[in-house]
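# Observations on the model geometry
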Amino acid sequence: MGVFKIEGGVPLKGEITPQGAKNEALQILCAVLLTPEKVIINNIPDIIDINKLITLLGNLGVKIQKNGPGSYTFQADEVNVGYLETEAFKKEGGSLRGSIMIVGPLLARFGKGYIPKPGGDKIGRRRLDTHFEGFINLGAKFRYNKEDHFYGVEAPEGLTGAAMLLDEASVTGTANIVMSAVLAKGTTTIYNAACEPYLQQLCKMMNAMGAKVSGIGSNLLTIEGVESLGGCTHRILPDMIEIGSWIGLAAMTRSEITIKDVSWENLGLIPNVFRKLGITLEKRGDDIYIPAHTDGYEVKTDIDGSILTIADAPWPGFTPDLLSIVLVVATQCKGDVLIHQKMFESRLFFVDKLIDMGAKIILCDPHRAVVIGHDFKSRLKATTMSSPDIRAGISLLIAALSAKGTSTIQNIEQIDRGYERIDERLRAIGAKIVRA
Ligand SMILES: CC(=O)N[C@H]1[C@@H](OP(=O)(O)OP(=O)(O)OC[C@H]2O[C@@H](n3ccc(=O)[nH]c3=O)[C@H](O)[C@@H]2O)O[C@H](CO)[C@@H](O)[C@@H]1O
Ligand SMILES: C=C(OP(=O)(O)O)C(=O)O
C-alpha cells in the first residue's frame, strides 16, 4: 500500500482545475448501458473508482474507445448479460459503490440485473432497500442470497410505470430507479427523489438520448417511458466535492489559490458554508479566488449569538461528503463550530487523528463533534496516520499540509479512489508531497 510523505507549513500559490465529478461519472457511465448506440462522455476523472467501473463495463461486453484525456466513446450493442452470473463478476462488482447503478439500466433493457453487495466507504450503514423497492414498484421480482450477499431483480415481461414515494432521498437509489423507469411502459413518478447536480446531469443526458424526464432538479420526477434510447455526447461537471476540498486546503494553509471553471451555478450551499467559517471566496467569472488568509478566518455565529452548526442534508442541503473537510478547516478558525453529520454513523471517528495532532475537538457522539478553533495560535503537529475513507483521507492530507514537520499518510488508495493525481497537482502549486 502506498504512502504520502508531506512536509507541512508551506504556503501554496497558483491555479488548480477541478477534475470531473466522481459521483456524476459513476451514474453517467452506467447510463451507457441504456442504448446500443454510441455515447461519448467527456471530462471523466482518471481515478480508481471510475477506472474500475469502466473495466466492469468492458467485461460486460461494452465497446470502449479512449478518444483522449478524460474522453471516451462507449457502445453497448453486444452486452453479455451472462457475465453477471460469473464468479469474476461477484468479485469485481462488489469492489465499489457505484457499480450498484448498472442494475437499473440492465433491468430496463435486458429484463434482469444482478449485483453483489457493493463496496465504497465504510462510513456506516449503507442500505440498498430504496433501490430494490423502486424496481419492485416497477414490476420486477426481487431475490437476495444472504450467503453470498448477492442481489437480483428480474422482469422478463418488461417494467411498467408506477407512482412511488421513496423511503429516503437516496442519491444512487434515485439514479438507479430513473434509469430503469425511462424504458418502462407508461408513466412513473418518483417523489422524495434525490436531486443533486449528479442526478440533474443524468436526467439531462437521458433526455438528450430521447428519454422524457421532467421535474429535473426537484424532488418530484415524472418519467414517460419510451421504447428505446439513442446515443449522445455528455460532459461531466467539475467535482463539487473536490472544489470544496481545495477551498479547505487554501484556508488551512493560508494560500492564495484560484480554482478554475467551477460551475458556480451548481455549487449550491458550498460557498456559503465556507463563508460562514470566515473564509473569503471571490467569484471571478466562473472561477473561485481565495486570497491568502494571513490574518486567519473568524466563524460567524448565528443571529442570536449561538454556536455555528454545520450539518448535512439531502440536496439542496449541504453535502455530507464535505463535512470532514469543514471539520478540519474549523480546527484553525477563530471561534467554535458544531459539526453534525446526520446521514452517516462512522464518518467522524477520524477526529482521533486530528486530536493527536493537537486539534481541540470533542467528539460528543458518533454524529456530532465540537471544534474549538486555534486561530493559528497553535499549529497542528506532524504525525503518521492512515486514511480510513476518501473524505477523511483528504482531510488528513489537508491537516498534514498545514502542520509543522513531516507527516506520513498510509492507505492512500482511499484518496486515489476519488482524487486524480493529487500529489502531482499539489506539487504544481508548491506543496512538498511525495508518494512513496
Ligand atoms: C457513489 C455516490 O454517489 N455516493 C454518494 C451517495 O451515496 P449513496 O447513494 O450510497 O447514499 P444514499 O443517498 O443512499 O444515503 C446515504 C446515507 O444517508 C442516509 N440518508 C439518505 C437520505 C436521507 O434523506 N436521509 C438519510 O439519512 C442513508 O440512510 C444512508 O445512510 O450519496 C451519499 C449521500 O449524499 C454520498 O455521501 C456518497 O458520496
Ligand atoms: C462516500 C463517498 O463515496 P462512495 O459512495 O463511493 O463510498 C464519497 O464520495 O464521499
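Bear in mind the structure is a predicted one, so any value in this text is a computation, not a measurement.

## Regarding the overall build of the chain
- Along the chain, the regular secondary structure elements total 14 helices and 23 strands.
- Against the 2.2 N^0.38 benchmark of 22 Å for 436 residues, the chain shows a C-alpha radius of gyration of 22 Å, consistent with a compact globule.
- In terms of overall dimensions, the chain has a C-alpha envelope of 65 × 50 × 50 Å along the principal axes.
- When the 436 residues of the chain are sorted by exposure, 58% land in the buried category.
- Considering only residue pairs separated by 6 or more positions, the chain has 73% of its internal contacts joining residues 24 or more positions apart.
- Once the 48 positive and 49 negative side-chain charges of the chain are each reduced to a mean point, those two points are 3 Å apart.

## Brief notes about helix H4 (residues 103-110)
- Across the 8 residues that make up H4, a large majority, 6, are buried.
- All of the buried residues along H4 are Val103, Gly104, Pro105, Leu106, Leu107 and Ala108.
- Close packing links the buried residues of H4 with helix H1 (22-31), strand E6 (112-116), helix H5 (129-137), strand E8 (150-154) and helix H6 (171-181).

## Concerning the site of ligand 1
- Taken together, 16 residues surround ligand 1, and among them Glu168, Ser170, Val171, Thr172 and Asp321 come closest.
- Within the side chain of Arg126, a nitrogen or oxygen atom sits 3.1 Å from an oxygen atom of ligand 1.
- In the environment of ligand 1, an oxygen atom lies 2.6 Å from a nitrogen or oxygen atom belonging to the side chain of Ser170.
- Coverage of ligand 1 by the protein chains reaches 87% of its 740 Å² of free accessible surface.
- Counting residues per element, the ones that place at least two in the shell around ligand 1 are H1 and H6.
- In the shell around ligand 1, the residues fall into 7 nonpolar, 3 polar and 6 charged.

## Re the side chain of Gln201
- Secondary-structure assignment places Gln201 in helix H7 (residues 197-208).
- Given a relative accessible area of 10%, Gln201 falls into the buried group.
- Separated by 3.1 Å, the side chains of Gln201 and Glu24 make a polar contact.
- At 3.2 Å, the side chain of Gln201 forms a polar contact with the backbone oxygen of Arg235.
- Dropping the residues within four chain positions of it, Gln201 is found in contact with Glu24, Ile28, His234, Arg235, Ile236 and Leu237.

## Quick notes on the sheet that holds strand E18 (residues 336-340)
- Strand order in the open sheet made by the 4 strands is E17-E18-E20-E19, with mixed pairing throughout. The strands lining the two open edges of the sheet, one partner per strand, are strand E17 (308-311) and strand E19 (360-365). Taking each pair of neighbouring strands and ignoring which way they run, the sheet shows an average axis angle of 20°.
- Sheet topology places E19 next to strand E20 (residues 368-372); 5 bridges connect them, and they run antiparallel. Residue pairing for E20: Lys360 is matched across the bridge by Ile372.
- Helix-sheet contacts for helix H10 (residues 323-330) involve E17, E18, E19 and E20, and the interaxial angle to E18 is about 165°.

## A short note on the sheet that holds strand E15 (residues 282-284)
- Strand order in the open sheet formed by 4 strands is E2-E14-E16-E15, with mixed pairing between adjacent strands. Of all the strands in the sheet, just strand E2 (13-16) and E15 have a single pairing partner and so form its edges. Strand-to-strand twist across the sheet, computed as the mean angle between neighbouring axes with direction ignored, equals 20°.
- Inspection of the sheet shows E2 paired to strand E14 (residues 256-259) by 4 bridges, in the parallel sense. By the bridge assignment for E14, Lys13 is matched with Glu256.

## Notes on the pattern of salt bridges
- Tallied over the entire structure, the rule returns 20 salt bridges.
- As a salt-bridge pair, Arg435 and Asp423 come within 2.9 Å of each other at their nearest N and O atoms. Taken together, the residues Arg435 in strand E23 (residues 432-435) and Asp423 in helix H14 (residues 422-428) connect sequence positions 12 residues apart.
- Residue classification places Arg435 among the partly exposed positions, given a relative accessible area of 39%.
- Through salt bridges with shared partners, a single network forms among Lys63, Asp77 and Glu78.

## Thoughts on the packing of H1 against helix H2 (residues 48-59)
- Packing of H1 against H2 leaves a shortest axis separation of 10 Å and a crossing angle of 5°. In terms of axis orientation, H1 runs roughly parallel to H2. Note on element contacts: H2 touches H1 through Asp49, Ile50, Leu53, Ile54 and Leu57, opposite Lys22, Ala25, Leu26, Leu29 and Cys30.
- The residue inventory of the contact of H1 with H2, partitioned by class, reads 8 nonpolar, no polar and 2 charged.

## Digging into the nonpolar core
- One finds Ile102 and Leu277 to be the most contacted residues of the largest nonpolar core, which totals 153 residues.
- Among the domains, domain 1 (4-19 + 238-435) and domain 2 (22-235) are the pair contributing at least three residues each to this core.

## Topic: the pairing of E18
- Direction of pairing for E17 relative to E18: parallel, over a ladder of 4 bridges. Within E18, the residue paired with Ile310 across the bridge is Ile339.
- Considered for its hand, the β-α-β crossover made up of E17, H10 and E18 is right-handed.
- For E18 and E20, the ladder comprises 5 bridges, and the chain directions are antiparallel. What sits directly across from Asp336, in E20, is Ile372.

## Let's talk about the domain arrangement of the chain
- The domain architecture assigned to the chain consists of domain 1 (4-19 + 238-435) and domain 2 (22-235).
- One C-alpha centre belongs to domain 1, the other to domain 2, and the line joining them spans 31 Å.
- With 24 residues of domain 1 at the contact, the number on the domain 2 side is 21 residues.
- When domain 1 packs against domain 2, the two sides together hide about 1800 Å² of surface, and 52% of this comes from carbon and sulfur.
- On the domain 1 side of the contact with domain 2, Trp315, Phe344 and Arg417 bury the most area, a combined 35% of that side's loss.
- Our count for the domain 1 to domain 2 interface comes out at 1 salt bridge.
- With its nearest N and O atoms 2.5 Å apart, the salt bridge here joins Arg417 to Asp49.
- Our count for the domain 1 to domain 2 interface comes out at 4 residue pairs in polar contact (both at pLDDT 80 or more).
- Mapped onto the side of domain 1 that touches domain 2, the elements with two or more residues apiece are helix H8 (240-252), helix H12 (390-402) and helix H13 (413-416).
- Here the side of domain 1 that touches domain 2 gets 3 residues from one element, more than from any other, and that element is H13.
- Grouping the amino acids of the side of domain 1 that touches domain 2 by side-chain chemistry returns 9 nonpolar, 5 polar and 10 charged.

The rules behind the values
- Residues numbered from 1 in each chain as written.
- Chains lettered and ligands numbered in written order.
- Predicted model: local features only at pLDDT ≥ 70, side-chain atom pairs only at ≥ 80, totals over all residues.
- Heavy atoms only, no water.
- Helix = DSSP H or I, 4+ residues; strand = E, 2+ residues; numbered from the N terminus.
- Rg over C-alpha atoms; globule rule 2.2 N^0.38 Å.
- Buried < 20%, exposed > 50% of the residue type's maximum accessible area, 1.4 Å probe, protein only.
- Contact = heavy atoms within 4.5 Å.
- Lys, Arg positive; Asp, Glu negative; His and termini not counted.
- Charge placed at Lys NZ, Arg CZ, Asp CG, Glu CD.
- Near = heavy atom within 4 Å.
- Polar contact = N/O pair within 3.5 Å; in protein donor to acceptor, adjacent residues only side chain to side chain.
- Areas by Shrake-Rupley, 256 points an atom, 1.4 Å probe, with all protein chains shown as cover.
- Nonpolar A, V, L, I, M, F, W, Y, C, P; charged D, E, K, R; others polar.
- Pairing = 2+ DSSP bridges.
- Axes fitted to C-alpha atoms, helices over the stretch in contact; angles between N-to-C directions.
- Salt bridge = Lys/Arg side-chain N within 4 Å of Asp/Glu carboxyl O.
- Parallel < 35°, antiparallel > 145°, perpendicular 65-115°, else oblique.
- Core = buried A, V, L, I, M, F, W, Y, C linked by side-chain atoms within 4.5 Å.
- Domains from an automatic or database assignment.
- Right-handed = clockwise from strand over helix to strand, strands pointing away.
- Buried area = accessible area lost by both parts, 1.4 Å probe.

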